[in-house]
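In case you want the letters, here they are:
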Amino acid sequence: MAPQIFGIESLADISLDSGARLTLSDGPLQLGWKHSGMTSDFIAEIMALPYSRSRKDYLQAHHDIGYLSNELIENAVKFRQPGEILIEAGIIDGSFLLRVKNAIDSATSFRLQQLLHRLQSNEPGILLLEQIETNAISSTSGSGLGLLTLLSDYDARMAWTFEENEDQHIILTTTAAVAMPPSSNR
Amino acid sequence: MEISDENFRVWAEKNEVFFDGVFRLAGPDAYAPIYSLISGLLHEGHKQVTFNLTGLEFLNSSGINLLAKLTIEARKMGDLLLVVKGTNQHPWQAKSLPNLKKLHPLLDLRLA
C-alpha cells in the first residue's frame, strides 16, 4: 500500500543524511523514558552550539530543539511497538529538523490520524485549548497535547508518514521543523 | 510538604507553590501526586494562591497539562485569585503560559 502522508508533504522528503543519526534500542518503558530525556538533551547540546555567540539566541535554540526533540521521542517511546526508534536531526536553511521513525499498532495509528484530520480544518491553538479542557475532566493518555503545543506555541511545521510493514504494524515517520534564531556563527 | 526526584522539586510555603528544575514525567498518573498536593492547597480557603514557576526550567507537554488542569480547578473557585509568576529566562514560559490566561482570563500572569 502506498504511504499516507499528512501535514507538509515536502518536509517528509527532505534528506537528513548530512545530520546526526541515533538509534534507540528496544527496552523497558521506564528505561526508554529516561533515554528519551537524555537523547533530547544531547541533541539540544550539539545542535544549539552554532548559536553560542549570543546567550539569548543560544538559550532559545537550545530550548526549542530540546522541547521538540523531547516531545517526539517521548511519543515514540510511549507508543512504539517492539523495535528500534530511528532518530535523525540536522539544521537546514535556518531551521532545526528532527525525524523520528518507529513502529506503532493500528489503534495508535487510528487515533493519531483522527487528530490529523481534525487539524486539517482547525487552528492548532483552538484544538490545544479544547484538548486541555477535555483532559481536565478525563485523564486520557495519547491526547496529542505534545503535537498541539509544538504546532501552536512553537510554530512547528510537521509531516507524518504512515506505511504498513510485513508484520501488520504501521511504520510512523514524524518530521518536524522549527525556525532557529537568524544569527549564528556557522 | 514537598515532592521531588533527582530532576525537580515542588513545595508549598503558605499560599505559594514553588516549582524547581526539570519536569519530564511520563503522563497524568505520574503527575497525580503533584496535582493532589496543589489541588489541596487551592481548597484550603486562601483568597490568593501563587504558582511560582521562576525556577521551572523545562516541562514536557504532560507537565503543561498539569498546570492547565490546576488552572481550570482554580477557575471553578470563583473567589480565588490565582497568580502565576514566570520568567522570560526560560523560553517555554513566554510561549506556553499565555495559554493559561486563555483558559482563565482572571488569572494574574506575571512574566518578568
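For chain B, the name recorded in an unreviewed UniProt entry is STAS domain-containing protein, with Rhizobium lentis as its organism.

If you look chain A up in an unreviewed UniProt entry, it shows as ATP-binding protein from Rhizobium lentis.

> Quick question: what am I supposed to make of the nonpolar core here?
Counting 83 residues, the largest nonpolar core has Phe96 and Trp160 of chain A together with Val10, Phe19, Ile34 and Phe51 of chain B as the members making the most contacts within it. Considering each element in turn, this core owes the most residues, 8 residues, to helix H3 (residues 55-79) of chain A. Beyond its immediate sequence surroundings of up to four residues, Phe19 of chain B is in contact with Arg9, Val10, Ile38, Phe51, Asn52, Leu53, Gly55, Leu56 and Leu67 of chain B. Judged by nonpolar contacts, the second largest core, of 5 residues, contains Leu11, Leu16, Leu97 and Ala159 of chain A.

> Is there a simple way to explain the side chain of Ser95 of chain A in this structure?
Among the secondary structure elements, Ser95 of chain A is positioned in strand S4 (residues 95-104). Contact partners of Ser95 of chain A, with chain neighbours within four places excluded, come to Gly90, Arg157, Ala177, Val178, Ala179 and Met180 of chain A.

> Which parts of the structure should I look at to understand the pattern of salt bridges?
Two side chains carrying opposite charge are able to pair once their charged atoms lie near each other. Scanning the entire structure with this criterion turns up 11 salt bridges over all chains. Close ionic contact of Arg118 of chain A with Glu130 of chain A constitutes a salt bridge, the shortest N to O distance being 3.7 Å. In this pair, Arg118 of chain A sits in helix H4 (residues 106-120) while Glu130 of chain A sits in helix H5 (residues 124-137), placing the two residues 12 residues apart along the sequence. A residue is classified by how much of its surface remains accessible, and Glu130 of chain A, at 39% relative accessible area, is partly exposed. Of the charged contacts, one joins Lys85 of chain B and Glu16 of chain B as a salt bridge, the two residues approaching to 3.4 Å between their closest N and O atoms. With Lys85 of chain B in strand S5 (residues 81-86) and Glu16 of chain B in strand S3 (residues 16-23), this pair connects stretches of sequence that are 69 residues apart. Since its relative accessible area comes to 28%, Lys85 of chain B is described here as partly exposed. For Glu16 of chain B, a relative accessible area of 17% gives the class buried. Put simply, Asp17, Arg21 and Glu88 of chain A are held in one network by salt bridges that share partners.

> Quick question: what am I supposed to make of the packing of H4 of chain A against helix H6 (residues 145-153) of chain A here?
If you want to describe how two helices pack, look at the angle between their axes and the distance between the axes. Residue and element names in this part refer to chain A. The interhelical angle for the contact between H4 and H6, taken along N-to-C directions, is 25 degrees, at an axis separation of 11 Å. Between H4 and H6, the angle is such that the two are roughly parallel. The hand of the H4/H6 crossing is right-handed. Residues Leu112, Leu115 and Leu119 of H4 touch H6, and the partners they reach there are Leu147, Leu148 and Leu151. A per-class count over the contact of H4 with H6 returns 6 nonpolar, no polar and no charged.

> I would appreciate a short explanation of the interface of chain A and chain B in the present structure.
Size of an interface: often given as the accessible area lost when the parts come together. If you look at the interface, chain A gives 28 residues, while chain B gives 23 residues. Of the roughly 2100 Å² buried between chain A and chain B on both sides combined, carbon and sulfur atoms contribute 57%. Where chain A packs against chain B, one counts 3 salt bridges. Note that Arg75 of chain B and Glu133 of chain A form a salt bridge whose closest N and O atoms lie 2.7 Å from each other. Here chain A is connected to chain B by 11 residue pairs in polar contact (both at pLDDT 80 or more). Put simply, the parts of the chain that give the side of chain A that touches chain B at least two residues each are helix H2 (29-47), H3, H5 and H6 of chain A.

Conventions adopted
Residues numbered from 1 in each chain as written. Chains lettered and ligands numbered in written order. Predicted model: local features only at pLDDT ≥ 70, side-chain atom pairs only at ≥ 80, totals over all residues. Heavy atoms only, no water. Core = buried A, V, L, I, M, F, W, Y, C linked by side-chain atoms within 4.5 Å. Buried < 20%, exposed > 50% of the residue type's maximum accessible area, 1.4 Å probe, protein only. Helix = DSSP H or I, 4+ residues; strand = E, 2+ residues; numbered from the N terminus. Contact = heavy atoms within 4.5 Å. Salt bridge = Lys/Arg side-chain N within 4 Å of Asp/Glu carboxyl O. Axes fitted to C-alpha atoms, helices over the stretch in contact; angles between N-to-C directions. Parallel < 35°, antiparallel > 145°, perpendicular 65-115°, else oblique. Left-handed = near helix turned anticlockwise from the far one by under 90°. Nonpolar A, V, L, I, M, F, W, Y, C, P; charged D, E, K, R; others polar. Buried area = accessible area lost by both parts, 1.4 Å probe. Polar contact = N/O pair within 3.5 Å; in protein donor to acceptor, adjacent residues only side chain to side chain.

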